[in-house]
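# Structural description and commentary
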Amino acid sequence: MEQEETALASLKAEAANENTVPSRLEELAHTPQLKPIIAANPAAPARLLERLARKKDPAIEQALAGNPNTPLHVLLELAESYPAEFLGNPIIPILNMTQPDFIWQASLNIWPSLLRRENVPTTWLQQLQRNLWNDKNKYYHAWNYFMGYGESGEQAIEGHVARAGEIYRPNQVYIKEALQDYMKAGRVPYLHGEPLSASTLILFVLLFPKAAETTHQEWQDTTSLSPEWQSLFTYSPIALPHKILTWRLDKTRPLDLGQAITGKLKPKILQHLVHYLPKAAGKASPQQGRREIVLKGIARNPRTSPQLLEELASSQAMEVRRAAAQHPQLTTEAIMVLALDEAAQVRAAIAARHHLTPEHYQQLATDSDQRVRAALARNSHTPQAILSGLAADAQAQVRAAAAGNPRLAPVAMAPLLIDLDESVRAPLAANAHIPADYYAQLAQDDALKVRQQLATNPRLPLALLEELFASEALEIWAGLARNPATPEHLLTRLAAGGNTQIQAAVAAHKHTPRETLEALATQKQRAVLLGLAANPHTPLHIIEQLIAREDIELWCRLFNHPAMLQTHRQAFYEHFVKKAGAQLTSTKHFWLRRALLRHRPLPEPMQKVFVNSILWEERYLLANHPQATSAILDLLTHDGNRHIRAKARNRKKKRRQA
């Protein structure tokens, strides 16, 4: 490895050497790592540079833009994307003397980029302004098109430092008027650019929810309620804004909307949503079914008020009452009523609640429906005396629920160990509080289901875990993959030999080694990728790979991943910029740029977009933005516009003084 690195370093030095003969440079150009270096070498022959330009590689193009030997037509094509390298090219002053009009061979597209730079030749600016006035048909309308709106082209020339000179403070009257026009979007005669995709808009909603809500009229008519939007409603990791939730409510799949409403909405919005859909006359009508699902979502919302819960607890719909019965803020009066509800599912929801009164425990323990008694048997707050009685229930469903309860007394566990029903012994095997001397007997149980559940028990000794692994039964392996005590070496072997279900569990396991996670990240099975998204220790570079897969559910699960929170969701912002890059520079989506510039905070990837904006007003707003980074302000102090330069310098000065 070291010899290879030494050999490559020697080749790089040879590729950069201006004394290397052209034929040798031709040979070296076959090595991909050397192409950008050769593209910057002035000794490289023009035909080779032209051939390298066809690669459309950004690193190669940037090097070509600064190479004085690059053919003129290639240079002019690169000027728009690499204005700094183009203007700094040593050949430019020579061309200005030998071919004074060479710049007019280029497309007008280059001018918005060039005017951002401070070192534009003054003669070009004079010629440009003269052409705008003397031949409006040829230049002016095209200029407006490329600049984006109205007078900004002329303002960009008049405000350029090379023509108007340096100033120490921006003209506040002039700036105020210009920014008012910008914010009103009153000068946008041309609408060009591709429409925003549903996935791009979803990223916009996730990353900038307030901006998305204030601009909902601008974008909601440009997209349909596609499967991507349905995924957002179902899995959203944030509290979706009210106006987005109620957007085309009658056309949204009610199940997805019900999931979305469980988010952190304000109580007054929840109150509004309760009455948003009109009541339908028929119980089985589609409108009534939609209303019930929406009400169920509100009943599950942690911010729903006790008063609103009481109203929902009296709903005619059983599922709404059931959801209200599970809410932690439910009043004592409502609990008393629902504990006597005619529907067993509602009474079971009450039986699962913590901190019931002794009367309620006694009442529910003798309920005629086994589902209610089973819910009480699963309740970790049920008193041991009542729990022991439920462990001896005539119904296997109730005994199984008690067998899995960590509060069950050991004396009540003994009969369950020899219960004739395997559905009772299985949850007992998974119970972390069973006596250690039960392990050996359960490991030899005839029922595979029992051994599978034992494999999930977090208190199993290592020897028994390895014994269960040696069984090579995939059902048992699936249990081991979910066991938090399974060691790293077994997890690695499970990932190598297991099926998709097992690999997905290993991907989500907190103790899975990094190397194993790397291998699992190459899988295409969606279940495995969702497992990686659920693992708090998945490395950042794997998270970035998952974000690039354009899967809305994956995005939602990754949004609050520890790696994302530690990096302030930098990868999401960068992906948004990558997806919306072209749209962010088009006048069709002027509202989007304006909304983002108003956002606090403005993430660094977005700042990098606006520092290259063709609109000087946007670069000025960026210079004035409280979150503008020092690196961005440094760039703006060298902007072509004198107002922007002055504002950036003043901002830096104030920061130093502070």
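Just so we're clear, the structure is a prediction, and the values are computed from it rather than from any experiment.

Quick notes on the rules
- Residues numbered from 1 in each chain as written.
- Predicted model: local features only at pLDDT ≥ 70, side-chain atom pairs only at ≥ 80, totals over all residues.
- Heavy atoms only, no water.
- Helix = DSSP H or I, 4+ residues; strand = E, 2+ residues; numbered from the N terminus.
- Buried < 20%, exposed > 50% of the residue type's maximum accessible area, 1.4 Å probe, protein only.
- Contact = heavy atoms within 4.5 Å.
- Areas by Shrake-Rupley, 256 points an atom, 1.4 Å probe, with all protein chains shown as cover.
- Salt bridge = Lys/Arg side-chain N within 4 Å of Asp/Glu carboxyl O.
- 1 Å grid on protein atoms, 1.4 Å probe; cavity = no way out; pocket = protein on both sides within 12 Å on 5 of 7 lines; lining within 4 Å.
- Points joined across faces, edges and corners; volume = space filled by probe spheres on them.
- Nonpolar A, V, L, I, M, F, W, Y, C, P; charged D, E, K, R; others polar.
- Domains from an automatic or database assignment.
- Phe/Tyr/Trp six-rings, centres within 6.5 Å; stacked < 30°, edge-to-face > 60°.
- Arc of directions from axis to C-beta.
- Patch = residues over 30% accessible without salt bridge, like charges linked within 9 Å, V, L, I, M, F, W, Y side chains within 5 Å.
- Lys, Arg positive; Asp, Glu negative; His and termini not counted.
- Charge placed at Lys NZ, Arg CZ, Asp CG, Glu CD.
- Axes fitted to C-alpha atoms, helices over the stretch in contact; angles between N-to-C directions.
- Parallel < 35°, antiparallel > 145°, perpendicular 65-115°, else oblique.
- Left-handed = near helix turned anticlockwise from the far one by under 90°.
- Polar contact = N/O pair within 3.5 Å; in protein donor to acceptor, adjacent residues only side chain to side chain.
- pLDDT = per-residue confidence, 0-100.

The helix and strand inventory of the protein stands at 49 helices and zero strands. Considering the protein as a whole, with its 658 residues, one finds that 51% of them fall into the buried category. Summarising the internal contacts of the protein: among those between residues at least 6 apart in sequence, 56% fall at separations of at least 24. In the structure as shown, the protein presents an accessible area of about 31,200 Å², 52% of it carried by carbon and sulfur atoms.

Moving on: the pattern of salt bridges. In the structure shown here, the tally under the stated rule is 22 salt bridges. Here Glu27 and Arg24 are joined by a salt bridge, their closest N and O atoms 3.0 Å apart. Here Glu27 pairs with Arg24, and both are found in helix H2 (residues 22-28), just three residues apart, close to one helical turn. Arg399 serves as the salt-bridge partner of Asp419, at 2.8 Å between the closest nitrogen and oxygen. One end of the pair, Asp419, is in the loop between helix H31 (410-417) and helix H32 (422-430); the other, Arg399, is in helix H30 (residues 396-403), and 20 residues separate them in sequence. A relative accessible area of 12% places Asp419 in the buried class.

All right, on to empty space enclosed by the protein then. Any space left empty among the atoms is revealed by the rolling of a water-sized probe across them. Taken as a whole and judged by the stated rule, the model has three cavities of 30 Å³ or more. Here the largest cavity defines a volume of roughly 60 Å³. In this structure, the largest cavity is lined by 11 residues; those nearest its centre are Leu115, Arg116, Ala156, Trp616 and Arg619. Split by residue class, the lining of the largest cavity holds six nonpolar, three polar and two charged. Of the domains in this structure, domain 1 (1-118) and domain 3 (574-657) are the two that each give at least three residues to the lining of the largest cavity.

This part covers the packing of aromatic side chains. Applying the stated criterion across every chain, the model contains 10 aromatic pairs. Taking the centre distance of 6.4 Å and the plane angle of 35° together, the rings of Phe86 and Trp124 count as tilted. Remark: Trp124 occurs in helix H10 (residues 122-134) and Phe86 occurs in helix H7 (residues 83-87); sequence separation between them is 38 residues. Looking at Phe86, the relative accessible area reads 0%, which means it is buried. Through successive ring pairs, a cluster of aromatic residues spans Phe86, Phe102, Trp104, Trp111 and Trp124.

Once that is clear, we can look at unusual backbone geometry. Residues other than glycine predominantly adopt negative phi, and peptide bonds predominantly adopt the trans conformation. One non-glycine residue, His355, lies in positive phi territory at about 60°. Inspection of the secondary structure assignment puts His355 in the loop between helix H26 (344-351) and helix H27 (358-365). In this structure, Arg569 takes a positive phi of about 60° despite not being glycine. Residue placement: Arg569 occurs in the loop between helix H43 (562-566) and helix H44 (570-584).

Attention now moves to helix H35 (residues 462-469). Along an α-helix, residues three or four apart share an orientation, since each turn contains 3.6 residues. Considered for burial, the residues of H35 that qualify are Leu464, Leu465, Leu468 and Phe469. For H35, the angular spread of the buried residues around the axis is 145°, confining them to a single face. Residues of H35 that are buried sit in contact with helix H33 (439-443), helix H34 (448-454), helix H36 (474-482) and helix H37 (488-497).

Now for helix H4 (residues 46-53). All of the buried residues along H4 are Leu48, Leu49, Leu52 and Ala53. Down the axis of H4, the buried side of the element spans an arc of 145°, and every buried residue falls inside it. Against H2, helix H3 (35-39), helix H5 (58-65) and helix H6 (72-78) lie the buried residues of H4.

A surface patch of like charges, here positive, comprises Arg169, Lys653, Lys654 and Arg656. Position of Arg656 relative to the elements: it lies in helix H49 (residues 642-657). The class for Arg656 is exposed, based on a relative accessible area of 61%.

Let us look at the packing of helix H38 (residues 500-508) against helix H40 (residues 526-534). Contact geometry for H38 and H40: axes closest at 7 Å, N-to-C directions at 15°. In terms of orientation, H38 and H40 fall into the roughly parallel class. When the axes of H38 and H40 are compared, the crossing they make is right-handed. Across the interface between the two elements, Thr500, Gln503, Ala504, Ala507 and Ala508 from H38 touch Ala527, Val528, Gly531, Leu532 and Ala534 from H40. Considered class by class, the residues forming the contact of H38 with H40 number seven nonpolar, three polar and no charged.

What follows is about the side chain of Asn89. Mapped onto the elements of the fold, Asn89 is located in the loop between H7 and helix H8 (91-98). Of the residues examined, Asn89 reaches a relative accessible area of 1% and is grouped as buried. Within the structure, the side chain of Asn89 is placed 3.0 Å from the backbone oxygen of Asn67, a separation counted as a polar contact. Every residue in contact with Asn89, bar those within four places of it in the chain, is listed here: Leu64, Ala65, Gly66, Asn67, Pro68 and Leu75.

So, on to the environment of Ala403. Secondary-structure assignment places Ala403 in helix H30. Taking C-alpha positions, Ala403 is 7.4 Å from Arg425, a pair spaced 22 residues apart along the chain. With residues near it in sequence (within four places) discarded, Ala403 still touches Leu408, Leu416, Val424, Pro427, Leu428 and Asn431.

Turning our eyes to something else, we now look at the side chain of Arg321. Within the secondary structure layout, Arg321 lies in helix H24 (residues 318-325). Engagement of the side chain of Arg321 in a polar contact is seen with the side chain of Asp341, the distance being 2.8 Å. Beyond its immediate sequence surroundings of up to four residues, Arg321 is in contact with Leu312, Ala313, Ser315, Gln316, Leu338, Asp341, Glu342, Ala343 and Val346.

Right, let's talk about the packing of helix H14 (residues 172-184) against helix H47 (residues 616-623) for a bit. Between H14 and H47, whose axes approach to 10 Å, the crossing angle comes to 110°. As summarised for this structure, H14 and H47 are arranged roughly perpendicular, according to the angle between their axes. Of the two possible hands of crossing, H14 and H47 adopt the one that is left-handed. Residues Gln172, Tyr174, Ile175, Ala178, Leu179, Tyr182 and Met183 of H14 pack against Trp616, Glu617, Glu618, Tyr620 and Leu621 of H47.

Our focus in this paragraph is the environment of Ala79. Tracing the backbone through its elements, the reader meets Ala79 in the loop between H6 and H7. A relative accessible area of 0% means that Ala79 is categorised as buried. Sequence-wise, Ala79 and Ile110 are 31 residues apart; in three dimensions their C-alpha atoms are separated by 6.1 Å.

It is worth spelling out the confidence of the model for the protein at this point. The predicted coordinates ought not to be read in detail in places where the model reports low pLDDT. Taken residue by residue, the protein gives an average pLDDT of 86. The fraction at 70 or more is 86%. Across residues 186-192 the pLDDT falls below 50, and counting only partners more than four positions away or on other chains, this stretch makes 27 contacts in the model. pLDDT under 50 marks residues 280-285. Its contacts with residues more than four places away, or in other chains, come to seven contacts.

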